[in-house]
Amino acid sequence: MLLRRLASTSAFCPPLALTRLTRCSCGDGIKSVRRQKNVTFAVISDGSCPTGLQAVLSNTCHLTNGASVRVSGLLGQAKELQVDSIDTYPIQKQTLSVDYLRDHAHLRVRTDTNASILRLRNSLTKVLHRFYEVLLSFSHSSHDFCYVHTPIFTSSDCEGAGETFRVTAVLHTPSSEFFSKPAYLTVSSQLHLEALASSLSRVYTLSPCFRAERSQTNRHLAEVGRGCAEVNDVCRLVEACLKDALILGIDEEERRVLAKGVPDYEQRLRCLEDAASSKPWVRLTYTEAISQLEKYAASTGAKASTGGRALQSEHERWLSEVLVKGPVFVTDYPSSLKPFYMRMNDDGRSVACFDLLVPYVGELVGGSLREERLDALRSRMSALGMDTEGEEYKWYLDLRRFGSAPHGGFGLGFERLVSWVSGIENVRECIAMPRWARRMLL
């Protein structure tokens, strides 16, 4: 049957006269491979007959059962195809480098590890939705959040860091903005969630966010998944949510697949099991964290973070992996290190916020109480040079002007959560098609 199909398909070759050598091409799956000293025999089958077509190749071709190939060569009386060229499926059974798989992002999802990562993402997403929406979760707390959709296009930079992507129409002209004003891809859903929370009280979303982040570290991407929620008791909610994810988000079969090639996986697994226990997670103020880092630096000669500066990734990991040996909430950062919307503490220097640091990842969640006092918020924005009367942020001030209540919220880096649970250190392997600076293949 396969020979008849070859003979009758003009796209492959002219009608065959098997009394002479005839050039043709064939694209099918490999049924079996038999290697000898000088040549390799591969049976190619399209499922139309039980025997398939035997192809004779050189030993330089590395083929495996089940691979899809397209071969060209001479077909003779022995009904063997003497192959002289071959297009092979690029993802073979042998060990392939991470960089090679990134270059074939459209195919790497067919590998065991990357397929397992996608299933883990699906499982964690379901756990997060179930946690927020049901009245009783694994942690036995009532949540009953309302899932909402927030805009991808925005007119403001939520975090104030300037790391935004500008959006323009393809036929854009300098004198004509599509939205009549500059538009950007969102870096966070938080400001819009606050508007919705003023009506629905408890709201959350899981949506993509975009940052023009040029860092080439294993924690940064230009497009990320982000879970955001607005609620009152923020730290307690984050801890309960993540414990549910650790307990329910992955099964033993997936763990065995992901454990391959991950260094110190057993140690990482013990760390995850400890984090999922009923023991409350540690809380440190920013001042206490800096003090511990300075003590460590004094005893070892290592470089320490000084007060008033942001914690570097190595500081975050030392606090969680060495000092606490588990997740730790670092709270009350100086206001100069955080965005304008965080509530000022009574000391006038720090804000009521936290970063959740976890082993092997660093910062996983960032959150705060929001500044609900109109005068305090306006004063803070003015000090930062923000236009409090302009259209960009006037609506945000209106949320306080027309009545507000104390509230808070947080943002969770979804790829970092996948990294923590799976043990895969680089977030570029924790998403199907990663984007980062100077890199977007698909």
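Refer to the structure presented above.
Residues numbered from 1 in each chain as written. Predicted model: local features only at pLDDT ≥ 70, side-chain atom pairs only at ≥ 80, totals over all residues. Heavy atoms only, no water.

1. Points about the pairing of strand β14 (residues 353–358)
Argument step 1. In terms of burial, β14 is a largely internal element, 6 of the 6 residues being buried.
Argument step 2. Burial of the side chains of β14 extends over both faces: Cys-353, Asp-355 and Leu-357 are buried on one face and Phe-354, Leu-356 and Val-358 on the other.
Argument step 3. Bridge count between strand β13 (residues 328–331) and β14: 4 bridges; the pairing is antiparallel. Its bridge partner being in β14, Phe-329 is matched across the sheet by Leu-356. (Buried < 20%, exposed > 50% of the residue type's maximum accessible area, 1.4 Å probe, protein only. Helix = DSSP H or I, 4+ residues; strand = E, 2+ residues; numbered from the N terminus. Pairing = 2+ DSSP bridges.)

2. Describing the packing of aromatic side chains
Argument step 1. Under the defined criterion, the tally for this structure stands at 15 aromatic pairs.
Argument step 2. For the pair Phe-329 and Phe-354, a centre-to-centre distance of 5.4 Å together with 80° between the ring planes defines the contact as edge-to-face. Taken together, the residues Phe-329 in strand β13 and Phe-354 in strand β14 connect sequence positions 25 residues apart. An identical accessibility class is assigned to Phe-329 and Phe-354; each is buried.
Argument step 3. With 5.9 Å between their ring centres and 80° between their planes, Trp-395 and Tyr-396 make a pair best called edge-to-face.
Argument step 4. Using a relative accessible area of 0% as the deciding quantity, one classes Tyr-396 as buried.
Argument step 5. Each residue in the set Phe-131, Tyr-132, Phe-145, Tyr-147 and Tyr-204 is aromatic and connected to the rest through ring pairs, giving one cluster.
Argument step 6. One cation-aromatic arrangement involves Arg-268 over Tyr-360; the distance from NZ or CZ to the ring centre is 4.1 Å.
Argument step 7. Sitting above the plane of the Tyr-396 ring, Arg-400 keeps its charged end 4.3 Å from the centroid. (Phe/Tyr/Trp six-rings, centres within 6.5 Å; stacked < 30°, edge-to-face > 60°. Lys NZ or Arg CZ within 6 Å of the ring centre and 35° of its normal.)

3. Some points on unusual backbone geometry
Argument step 1. At Lys-325, a position not held by glycine, the phi torsion is positive, near 60°.
Argument step 2. On the accessibility criterion, Lys-325 (60% relative accessible area) is exposed.
Argument step 3. Phi is positive for Arg-438, close to 65°, though the residue is something other than glycine.
Argument step 4. For Arg-438, the position within the fold is in the segment after α13 (414–422).

4. Points about the packing of helix α4 (residues 112–133) against helix α6 (residues 234–248)
Angle between the axes and distance between the axes are the two parameters that describe a pair of packed helices.
Argument step 1. At a closest axis distance of 9 Å, the pairing of α4 and α6 adopts a crossing angle of 140°. What the angle tells us is that α4 and α6 run oblique. For the pair α4 and α6, the crossing hand works out as right-handed. Contact with α4, carried on its side by Ser-123, Leu-124, Val-127, Leu-128, Arg-130, Phe-131 and Tyr-132, involves Leu-237, Ala-240, Cys-241, Asp-244, Ala-245 and Leu-248 of α6 and no other residues of that element. (Axes fitted to C-alpha atoms, helices over the stretch in contact; angles between N-to-C directions. Parallel < 35°, antiparallel > 145°, perpendicular 65-115°, else oblique. Left-handed = near helix turned anticlockwise from the far one by under 90°. Contact = heavy atoms within 4.5 Å.)

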